[in-house]
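Understanding the architecture of this molecule
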Amino acid sequence: MKSKILLFFLIVFTISIYAQEYENGTIVTTHYDTIINVKIKKINDAKSLLHLTYIDQNGDEQTPKIETIKHYKRGNDIFCRIYNSGEMILAKKVVQGKKLNLYERYPNGGKTYYVEKVYDELIKVPSSSKKFKKVLGSFLKDAPKISTQIISKDLDDIFKIVNLYNQS
C-alpha cells in the first residue's frame, strides 16, 4: 500500500514539474513548415531569442537552430523575426495592435524596443529622450495629437504611445 501511495506522489510530482517547464506552442520555420501541438521549454525571454527546445508529438526533445525559426508561440508569448537594419532578428512581440506592433529584445543585458506600423515600416526606439521625441514624433506624424505630445515630452511611455495610436 505504501509503495502505491509513493508511486502516486512520484507521478504527480513528475507531471507538475513537467507542466511548469514546458508550455504548449506552435512553431513556424523559415521554410513555412508549421509544427503544431508541441511542448516548448519555458526559459527567460532573453534566452528565448537565442535558443528553442521543444518536445515533439513522439515525445522526443528537439533543439533546432534558432536561425531556422520564423515565428513561434509559447503559451501566450509570441516570438517572431523582424527586419531591422538589413538583417532579420528574433524579437518578442509585446503588443499586437491594429495599427502598431511593439517588439522587445535584450541585447547586452538591456531592453531595446522596436515599433512597427502594421504591414509597413519598422523602427528601433531610441533610448535617449532627445532622439526618442524626434524619431518617434516623426514616425507617428500621421497622428498629430500623439506626435505633438511625444515631441513636447508629455508622452514618453512607449506602451502608452502604442496603445493610444492603436485606439486612434
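Above this note sits the structure.
For every chain, the first residue of its written sequence is number 1, and the numbers climb from 1 along that sequence. In view of the model being predicted, local features appear only for residues whose pLDDT reaches at least 70, and side-chain atom pairs are presented and counted only at 80 or more, with totals across whole chains, interfaces and linings using the full set of residues. Only hydrogens and water are removed before side-chain values are computed, so all heavy atoms of the structure are retained for them.

**Observations regarding the packing of helix α3 (residues 129-139) against helix α4 (residues 144-151)**
To obtain an axis, a line is fitted to C-alpha atoms, over the contacting stretch when the element is a helix, and the angle between two such axes runs from 0 to 180 degrees between their N-to-C directions. Elements are defined by DSSP. Helices are runs of H or I of four residues or more, strands are runs of E of two residues or more, and each kind is numbered from the N terminus. Between α3 and α4, the shortest axis-to-axis distance is 8 Å and the interhelical angle comes to 170°. Comparing the axis directions of α3 and α4 gives the class roughly antiparallel. On α4, the residues that touch Phe132, Lys133, Leu136 and Gly137 of α3 are Ser147, Ile150 and Ile151. If an angle is under 35 degrees, it is roughly parallel; if it is over 145, roughly antiparallel; if it lies from 65 to 115, roughly perpendicular; otherwise it is oblique. Only heavy atoms matter for contacts: two residues are in contact if any of them lie within 4.5 Å across the pair.

**Side note on the packing of aromatic side chains**
Only rings of Phe, Tyr and Trp enter the pairing, Trp through its six-membered ring, and a pair is recorded when the two centres are within 6.5 Å. The plane angle decides the type: under 30 degrees is stacked, over 60 is edge-to-face, the rest tilted. Counted under the stated rule, the structure contains 2 aromatic pairs. Residues tyrosine 72 and phenylalanine 79 carry aromatic rings whose centres are separated by 4.9 Å and whose planes lie at 20° to one another, so their mutual orientation is stacked. Taken as a pair, tyrosine 72 and phenylalanine 79 share a single burial class, namely buried. Ring centres of tyrosine 113 and phenylalanine 159 lie 5.7 Å apart, and the angle between their planes is 85°; this geometry places the pair in the edge-to-face category. You can see tyrosine 113 sitting in strand β9 (residues 112-117) and its partner phenylalanine 159 sitting in helix α5 (residues 158-167), a full 46 residues away along the chain. A 1.4 Å probe rolled over the protein chains alone gives each residue an accessible area, and that area as a share of the maximum for its type sets the label: buried under 20%, exposed over 50%, partly exposed in between. A residue is classified by how much of its surface remains accessible, and tyrosine 113, at 17% relative accessible area, is buried. Judged by relative accessible area, which is 30%, phenylalanine 159 ranks as partly exposed. Seen from the ring of phenylalanine 139, lysine 117 lies directly overhead, with NZ or CZ sitting 4.8 Å from the centre. Here, a charge over a ring is recorded when the distance from Lys NZ or Arg CZ to the ring centre is within 6 Å and its angle to the ring normal is within 35 degrees.

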